[in-house]
Amino acid sequence: MDMQPQERRGVYLQQYKEPALSREIRQFSNASAADAFIDLPVGRPLEETAPEDIIEVAREAKIVDERDGRRLYKKLLRAAFKEIKTVVVDALDDEPYVSSQLGPLLALRTEALEGLRAAMRATGAEKNYIVVYKNLSDVDVRVPTVIEGVPVERVGGKYPAESQIGRELGLHKPYVTLGVCSLIFLSRALKKGLVQQSTFVTVAGNCVANPTNLEVGLGMNLNQVLERCGLADNPTRVIIGGPMTGISVIDTEKTLISPTTRAVLAFKEDERDRHYHCIGCGKCINVCPQRLDPMLLYRFLSNRRLSQLPPLHAEKCVNCGTCSYICPSKLPLSTTISRYSETLRKEDEDHETDPA
Amino acid sequence: MKLARNRRLHRFLGKTEGIFGHNAVLIGGLALPFVIMTAVSLKNAAALTISMLFSVLFGVGAGVLTRKIPVWLRYVTVTVAAMMGVTLSRLVVQHLNPEIFDSIGFYLPMMAVNSIVLVYAVERTRFSTPGRSFGSALACTAGFALTACVVGAVRELLLTGTLWGNKVFNITFPAANTVFFGFILLGFLGAAVQEVRRGITLINLRADNPTTEDLLRQQEERLVD
Amino acid sequence: MKLIPRDAPHIRHSDSNKTMMGDMILTLLPFYLIGVCFYGLRVVLLMLLSAAVCWLADLVCCLVRGRRFNVRDLSSLVTGLLIPLLMPATISYGVVVLACIFAIVVVKHPFGGIGENLFNPAAGGVAFAIACWPEKMFAYPNIFATIPLGGVSGVATVSSTAYTLKMGGVPGADLGDVLLGLTPGPVGAASILVVLACLLYLAYRRTVPLIQPVCFLAAAALMAFLFPRADIGRTYSVAYELMSGSLVFGGVFLLSDPVTSPKRFGARALYGLTAGVLVMVFRRFGGFEQGVTFAVLLMNAVSEEYDRLVQYLAARAERERRAPHETCEE
Amino acid sequence: MVFSRALGLTRTTMALERRFTLAVFSLSVLFMCTVSSVLGYGIRYLFSEFLPSASSFEKQVSLFLAVIVSYCLMYLLVSKLLPKFLPLFSGVISYAAFSCAVYGTLLVSAGKELDLLLSLVHGVGAGCGMVLASMLLLCGHRRLDLRDVPRAFKGMPIMLLYIGMLSLVLYGLVGHNLPT
């Protein structure tokens, strides 16, 4: 009876990627930090480099994939082992404000493409895509359909799109998804032998005076980064990561930029419009990408009715925060459900570990 | 926590079980139709109570006597006995008010199959002594009587502004004898009863909590030591 | 700097309960404007009275239950604005007050207050008023009749088009008048055009899902077309049925209350259809000329079953065509 | 029936939580209504033949025989046909049999002086109404479980209010003439 069973559910978010995206990327790192080099033969043309060497370079250069925080060389090794056919370059900033993958892709496209070729040579893949976000209506720069012969696929406009790449492209396993920034660092490592000492970070939010994409040296704290871009107002919450799934920071002094930090956002909003009761409008049900029933789940979990919890598949929750975003009562739906699903997953792991 | 008072309270609650504690009608949901349909005036309520008393007495008696025979037959015997009781009660009721049968109608014979009789005469008599089963049944009947009288009084007041036939004040609220009004009235009564019971227990528990003066005194004593 | 940790997501949609209820109130005010033009200032008094009573009752119930009262929660005001619109302008103030109190104290709060109420409070209150004082509820004043603010004993009242249809007679009112709402009826049954405009606004604001009222109206029209009650042409029957009484108004404002209606798309469609059929059944066989409130209440009782049914069907369809949709994070 | 005359509302009807119990209950109520209405018609026929002077109360009392007979009939049927369900059935069956719904149906049809076919139809209709009503109550149960009902109203009172609203709706359907 469900009217559009195949169509992906989600919400259309207002993308505040401008002006950060159209500004050029600035370097910003400690003056004291000197470039570190790897002691491996680098600078050779790609054709003469063996796949193993590429993976070795990736390891020595300590490159981390900014998508999931895993070491690039491990991903490459596994991909090569599984003999994957396709490499998908993820430039998909599906969360608002964040453009720390799309920006580098457009600005440093030659490096990114070299990295891509290296990765393909390392893994022995033939096909490759670059995936960008479709819903870029308010972006000034136009994203080309082909970048140096590599097709640029556009993934559908509804948030969340990050976890839906494979479904959107109609790809089947095995394929590997690599972040743009890690590819850029890979190409740098292969050319100059540079160790990854920085990462691309979007600094934005309604408190930031001039939002930009920075290439920030690792290990700097958020205060420096925010002051670099200037604070127009003192924010009520500072977030590392996207506005939908990011973590809000307690102490900006002690929070440091890590390779997986993709954005630093500073917001100021009024908290008065809160503390409603669920009016059962059903919006959350119609936007949940996993087709869960957040309303019912929240009602059960907040009433402590776990004993009579019907099979609502809370473990399928991907913690995208869509339900909380859309909720007109401003309820903490996604937080409650994801906590519960975490406990479920833990229980499952325990069962697996001790079958006794 | 003074256990003596606690025990007294619980004995009291146990005695009045079925009247306040688990009121048969309000909380147990037994014998609802009679209260809702026919308790539209205090006289009807009285008549209901009388016939309920008779049917319960006869029914429980039959249940106690025929404790040995299989259960499904005991239902028959109990209800037949209750029917006898109702037939007898008819003689008493007609002294109350001759035209009361018009208002009660066929609900009077139906008293024989009310669920109070079924529950208390068939189930409760199975494993308990005759005395206790009679006691619980009577308490339950008292609860029924109380509820019926309250509902009857309220509805009579709203309906005609009279109480036991004599004028109190003149308002007429014709919808007072509709079914939904009866249900909603019972619902609110039940809520009130539950709240009262909870209040009793709560007071009993709170009564032994140390007051702030006690705490201060204890502190001083500790300091002195 | 030191900050308080907050839960993701850190941006929220601009809609909130306040804006949704605000939309409802905004769309209800034009009806009062029309009512003032038709029946004079008494309508305004009714509005203020019922709104105040509902709000106060809500406040008192919240305090009795020991909940903190949310001032931004406008739902009680919506209830209070809905109730007089379903009554004639000559209704006595006592009836309005009692209906409001019933709506909040019996229908809304015992079930758990805002968001938890199984039945629509406004529909419950009006149904209660109809059940208790039908003769007052269905005696409508003439349009542009001067109604005193106080006692309304002297005002000549007539029966509405809906009553004529109920009696199986041919409504004498001109169709154009009916279209413009220039016939005696409840305050809210002003003009079908106004109601539909409000519906479009609400749907545009995503406060009301459009599918539900549309299905409702479609089903009602179909019923009217198939089984005309008076010996007028089928199309005329449809026109008169839809435009008489508060059918469309109830379908838009009572039935599509988010709290009591189902949540899923298909469920909403089914719900609307069933409600439409039910309304006509109530109008034909029911004891009163106005069936919307009763139909809405009955539908509210089973709305969750629709959701369950639709969910079950969707799950089965999902199981049948199970495609490998898991994304590969190798 | 349930909502207009408040018949057959017992604790069992209220506390029906499992679908299977509901099915058994409704089946037995249906059976009881059908059979006993036929028997009741027979008894009324006998009365009108042989002692037409009997007062209405005596008739009503004697109609109770029909209930008993049909109850025994059903019990024997169940015990013969599917004995292994018997322990599960027996409690529900007896409540279904001796609930006011069945006897009330008989008395109503007696009051209306229906003939055989009509009383049969009336019995079946009453049984179906009973089934519908208990299904409504079941879904009411399900929904009220999830709501955070105020402490005082938990349990029976809120169910009473729920039924009250439903009977208000039914009153709207029936209209001015109050069923008593």
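Bear in mind the structure is a predicted one, so any value in this text is a computation, not a measurement. (Residues numbered from 1 in each chain as written. Chains lettered and ligands numbered in written order. Predicted model: local features only at pLDDT ≥ 70, side-chain atom pairs only at ≥ 80, totals over all residues. Heavy atoms only, no water.)

### Quick look at the packing of helix α3 (residues 42–65) of chain B against helix α4 (residues 71–96) of chain B
Residue and element names in this part refer to chain B.
Thought 1: It is the contact of α3 with α4, at a shortest axis distance of 7 Å, that shows an interaxial angle of 145 degrees. In the crossing of α3 with α4, the sense of the turn from one axis to the other is right-handed.
Thought 2: Looking at the contact of α3 with α4 residue by residue, the classes come out as 15 nonpolar, seven polar and two charged. (Axes fitted to C-alpha atoms, helices over the stretch in contact; angles between N-to-C directions. Helix = DSSP H or I, 4+ residues; strand = E, 2+ residues; numbered from the N terminus. Left-handed = near helix turned anticlockwise from the far one by under 90°. Nonpolar A, V, L, I, M, F, W, Y, C, P; charged D, E, K, R; others polar.)

### Concerning the interface of chain A and chain C
Thought 1: Taken together, the contact between chain A and chain C spans 77 residues of the former and 45 residues of the latter.
Thought 2: Linking chain A with chain C are three salt bridges.
Thought 3: Note that Arg-299 of chain A and Glu-116 of chain C form a salt bridge whose closest N and O atoms lie 4.0 Å from each other.
Thought 4: Tallied by class, the residues present in the side of chain A that touches chain C amount to 32 nonpolar, 23 polar and 22 charged. (Contact = heavy atoms within 4.5 Å. Salt bridge = Lys/Arg side-chain N within 4 Å of Asp/Glu carboxyl O.)

### Some remarks on helix α4 (residues 93–108) of chain C
Thought 1: Taking 1.5 Å of rise per residue, the 16 residues of α4 of chain C would be expected to cover 22 Å, and the 21 Å separating its terminal C-alpha atoms lies within 8% of that figure.
Thought 2: A maximum bend of about 25 degrees is found in α4 of chain C at Phe-102 of chain C.
Thought 3: Of all the positions in α4 of chain C, only Val-95, Val-96, Ala-99, Cys-100, Phe-102, Ala-103, Ile-104, Val-106, Val-107 and Lys-108 of chain C are classed as buried.
Thought 4: Looking at the packing, one finds that the buried side of α4 of chain C touches α9 (179–206) of chain B, α2 (42–65), α3 (75–85), α5 (121–132) and α6 (134–137) of chain C together with α8 (156–174) of chain D. (Expected span 1.5 Å × (residues − 1). Bend = angle between axes of the 7 residues up to and from the residue. Buried < 20%, exposed > 50% of the residue type's maximum accessible area, 1.4 Å probe, protein only.)

### Describing the sheet that holds strand β2 (residues 86–90) of chain A
All names here are of chain A.
Thought 1: One open sheet accounts for five strands, arranged β4-β5-β3-β2-β6; its pairing is mixed. Two strands close off the open sheet at either side, each with one partner strand: β4 (146–147) and β6 (175–179).
Thought 2: In the sheet, β2 pairs with β6 via five bridges, with the strands oriented parallel. Note that in β6 the partner of Asp-90 across the bridge is Gly-179.
Thought 3: Along the sheet, helix α6 (residues 180–192) contacts β2 and β6; its crossing angle with β6, the most-contacted strand, is approximately 80 degrees. (Pairing = 2+ DSSP bridges.)

### Some thoughts on the environment of Ala-118 of chain A
All names here are of chain A.
Thought 1: Turning to its location among the elements, Ala-118 is positioned in helix α4 (residues 109–123).
Thought 2: Residue Ala-118 is classed as buried on the basis of its relative accessible area of 0%.
Thought 3: Taking C-alpha positions, Ala-118 is 9.2 Å from Glu-47, a pair spaced 71 residues apart along the chain.
Thought 4: Ignoring sequence-local partners within four residues, the contact set of Ala-118 consists of Leu-46, Ile-54, Leu-186 and Leu-190.

### Examining the pattern of salt bridges
Residues and elements named next belong to chain A.
Thought 1: Scanning the entire structure with this criterion turns up 24 salt bridges over all chains.
Thought 2: With a closest N to O distance of 2.5 Å, Arg-67 and Asp-90 form a salt bridge. With Arg-67 in the loop between α1 (51–60) and α2 (72–81) and Asp-90 in strand β2, this pair connects stretches of sequence that are 23 residues apart.
Thought 3: Residue class for Arg-67 comes out buried when judged on its relative accessible area of 17%.
Thought 4: Exposure remark for Asp-90: the relative accessible area of 0% places this residue in the buried category.
Thought 5: In this structure, Arg-262 engages Asp-93 in a salt bridge whose closest nitrogen and oxygen atoms are separated by 3.1 Å. Within this pair, whereas Arg-262 is found in the loop between β10 (247–248) and β11 (263–267), its partner Asp-93 is found in the loop between β2 and α3 (102–107), the two being separated by 169 residues in sequence. The pair Arg-262 / Asp-93 is uniform in exposure class, with both members buried.
Thought 6: Where salt bridges share partners, they join Asp-65, Asp-68, Arg-70 and Lys-75 into one cluster.

### Overview of the nonpolar core
Thought 1: With 200 residues, the main nonpolar core has Leu-247 and Phe-253 of chain C together with Tyr-71, Phe-98, Tyr-103 and Tyr-162 of chain D as its most contacted residues.
Thought 2: Top element by residues in this core is α8 of chain D. It accounts for 12 residues.
Thought 3: The contacts of Leu-247 of chain C, once residues within four sequence positions are left out, are Phe-216, Leu-217, Ala-220, Glu-241, Leu-242, Val-279, Met-280, Arg-283 and Val-292 of chain C. (Core = buried A, V, L, I, M, F, W, Y, C linked by side-chain atoms within 4.5 Å.)

### Quick word on the packing of α1 of chain A against α4 of chain A
Helix-helix packing is described using two parameters, namely the angle between the two axes and the distance between the axes.
All names here are of chain A.
Thought 1: Their axes nearest at 8 Å, the elements α1 and α4 cross at an angle of 120 degrees. Overall, the two elements α1 and α4 adopt an arrangement that is oblique. Where α1 crosses over α4, the two elements pack in a sense that is left-handed. For the pair α1 and α4, contact is made by Pro-51, Ile-54 and Ile-55 and by Ala-118, Arg-121 and Ala-122, respectively.
Thought 2: Within the contact of α1 with α4, the residues separate by chemical class into five nonpolar, no polar and one charged. (Parallel < 35°, antiparallel > 145°, perpendicular 65-115°, else oblique.)

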